[in-house]
Amino acid sequence: LFLLAGIAGKGTCGMPKGVPLHLRYASCFHVEYLGNGQKRVIDGAGRSLLLVPWGQKVGVIPKGDTVIRIPVKRVVTRWTTIPPLLGVLGVMDSIVGVTTRKEWWHIKEIRRRIEQGSIKCLGGSTTIDYEGLRALSPDVFFAGQWEDTCKLNELGLPFAVVTEYLENDPLGRLEWIKFFAAFYNREREAAKFFDNVCRNVSRLSERVKGVKEWPKVLWGTINAQEMVYVPRTGSYVARMIAMSGGNYVFRQLSGTLSASISLEELYAKGKDSDIFIYSGSLPEYGIKTIQGLVTRYPILSDLKPIKEGKVWCFQPWYWESIEKTDEIIEDLAAIFHPKLFPGHKPRYFLRLLRK
């Protein structure tokens, strides 16, 4: 077997031909080392990308492969989860375009560079300025699953589809750092960082295993049409709740993505839960207290966590903190089992005051 330590020790140079990157948790991408510094990457959409060092002759390109020169120097990112991982790799300065407005960013370097003009904002979370994207001429666009791939191909823009949110384990989601590392020849840095986070999470999970009573956890967000999105039991969120010592109340919902349910269904299943994690930043939508939440959604007033004041929501920077997966799990473990973590102040979750 080719162990992760092999990459940590050797880097990508001299890798035996045909050796795959060993992944411990992630399953939505694949990397294979072809020799001479070349790699084949299968992205989140199952597309084959041939990564070739700058200046090296490509030779015969297999049908269906897209050639991307590495290490990439100019990239555009679709998701806010990507820049923090590039920051860990020491390559955040390669970002030349994003699709989130400046005021929504909490990473100081990204905001500063948008203000300075070295990072362009190319539309919003659901739309993108394709002409602006082409003008930036990125080496790769780290794209979403629902991009207009025909348009990207028409413009001749190299792209890689990122689907870290489809992983069924928070560590699998974090392991996408190895996907990005392949484009920068930073595998060694990625492996070292990932192994350290895994050790931290393992220690945290061991602390909660011995607790007899695990709280019942309600987790979800409500959209403008008052539909509720809750994670399915095969999602990384459900796994993260379990790793933190919580019993997720919607375990019967199979699958990996979110399920859409009504407010009535949320109430029926979650009325006797112990803790409610609202998976969004409520203050950003004008809701700063439990009373404010109940005023907006009166049906929630009889939920046990509402009555007992055990309602939490995301901090605004939650979605830009994937590299802090161990700290996020520690926050949850402290929320679920405060006696195990005396004095701990959550960093990625905000407890709503009653009034």
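Located above this text is the structure these notes cover.
Anyway, here's the lowdown on the structure attached to this text. Just so it is clear, the structure is predicted and the values come from calculations on it, not from any experiment.

Along the chain, Glu323 turns up in the loop between β16 (311-314) and α13 (325-336). Here Glu323 sits buried without a salt bridge, and the closest side chain of opposite charge, Lys324, lies 4.7 Å off (N-O distance). Not counting chain neighbours up to four residues away, the residues in contact with Glu323 comprise Pro84, Leu85, Val88, Leu174, Phe193 and Val197.

What follows covers the sheet that holds strand β4 (residues 48-53). The 5 strands lie next to each other as β1-β2-β3-β4-β5, forming an open sheet whose pairing is mixed. In this open sheet, the two strands that pair with only one neighbour each are β1 (19-20) and β5 (66-70). Where strand β3 (residues 38-42) lies against β4, 4 bridges are found, and the strand directions are antiparallel. Note that in β4 the partner of Lys39 across the bridge is Leu51. Running at roughly 145° to β3, helix α7 (residues 177-184) makes contact with β2 (30-35), β3, β4 and β5 of the sheet.

Attention now moves to the nonpolar core. If you look at the biggest cluster of nonpolar residues, it comprises 100 residues, and the most contacted ones within it are Phe142, Phe179, Phe180, Phe183, Trp219 and Phe349. Not counting residues up to four positions away in its chain, the partners in contact with Phe142 are Val75, Val76, Thr77, Arg78, Ile82, Ala160, Val162, Phe179, Phe180, Phe183 and Tyr184. Residues Leu122, Tyr130, Leu152 and Leu157 belong to the second largest nonpolar core, which totals 14 residues.

This next bit is on the pairing of strand β11 (residues 216-222). Most of β11 sits inside the fold, with 5 of its 7 residues counted as buried. Bridge count between β11 and strand β13 (residues 247-248): 2 bridges; the pairing is parallel. Note on β13: the bridge partner recorded for Lys216 is Asn247. Pairing of β11 with strand β15 (residues 275-278) involves 4 bridges; the strand directions are parallel. In the sheet register, Leu218 faces β15, and the bridge partner there is Phe276. In this structure, β11 lies alongside strand β12 (residues 227-231), joined through 2 bridges in antiparallel fashion. Each residue of the ladder has a partner; that of Thr221, found in β12, is Tyr229.

A few words on the pairing of β3. Looking down a regular strand, the side chains alternate between one sheet face and the other. Summarising the sheet, β2 and β3 pair through 5 bridges and their orientation is antiparallel. If you follow Glu32 over to β3, its bridge partner there is Arg40. Linking β2 back to β3 in an antiparallel pair, the connection comprises 2 residues, with Asn36 at a positive phi of about 55°. Between β3 and the antiparallel strand that follows it, β4, lie 5 residues; Gly46 among them carries a positive phi value of about 80°.

This brings us to the pattern of salt bridges. Under the counting rule described, the total for this entry stands at 18 salt bridges. Among the ionic pairs, Glu308 bridges to Lys310, the shortest N-O distance being 3.8 Å. When its relative accessible area of 34% is taken as the criterion, Lys310 is described as partly exposed. Taken together, the salt bridges that share partners define one network made up of Glu327, Glu330, Asp331 and Arg347.

Take the sheet that holds strand β10 (residues 159-161) next. A sheet is described by the order of its strands in space; here 5 strands give the open sequence β8-β7-β6-β9-β10, paired in parallel fashion. The open sheet is flanked by β8 (120-121) and β10, the only strands paired with a single partner. Both strand β6 (residues 75-77) and strand β7 (residues 95-98) contribute to a ladder of 3 bridges, which runs parallel. For Val76, the partnering residue across the bridge sits in β7 and is Gly97. Most of the contacts of α7 go to strand β9 (residues 140-143), to which it runs at about 175°, and overall it touches β6, β9 and β10.

The next point concerns unusual backbone geometry. Glycine aside, a negative phi is what most residues show, and trans is what most peptide bonds show. Of the consecutive residues Ile70 and Pro71, the connecting peptide bond is found in the cis state with omega at -5°. You can see Pro71 is positioned in the loop between β5 and β6. Of note in this structure, Asn36 is not a glycine but carries a positive phi near 55°. Checked against the element boundaries, Asn36 lands in the loop between β2 and β3. Judged by its relative accessible area of 69%, Asn36 is exposed.

Conventions adopted
- Residues numbered from 1 in each chain as written.
- Predicted model: local features only at pLDDT ≥ 70, side-chain atom pairs only at ≥ 80, totals over all residues.
- Heavy atoms only, no water.
- Helix = DSSP H or I, 4+ residues; strand = E, 2+ residues; numbered from the N terminus.
- Buried < 20%, exposed > 50% of the residue type's maximum accessible area, 1.4 Å probe, protein only.
- Lys, Arg positive; Asp, Glu negative; His and termini not counted.
- Salt bridge = Lys/Arg side-chain N within 4 Å of Asp/Glu carboxyl O.
- Contact = heavy atoms within 4.5 Å.
- Pairing = 2+ DSSP bridges.
- Axes fitted to C-alpha atoms, helices over the stretch in contact; angles between N-to-C directions.
- Core = buried A, V, L, I, M, F, W, Y, C linked by side-chain atoms within 4.5 Å.

Scope: geometric values only; no functional claims are made or implied.
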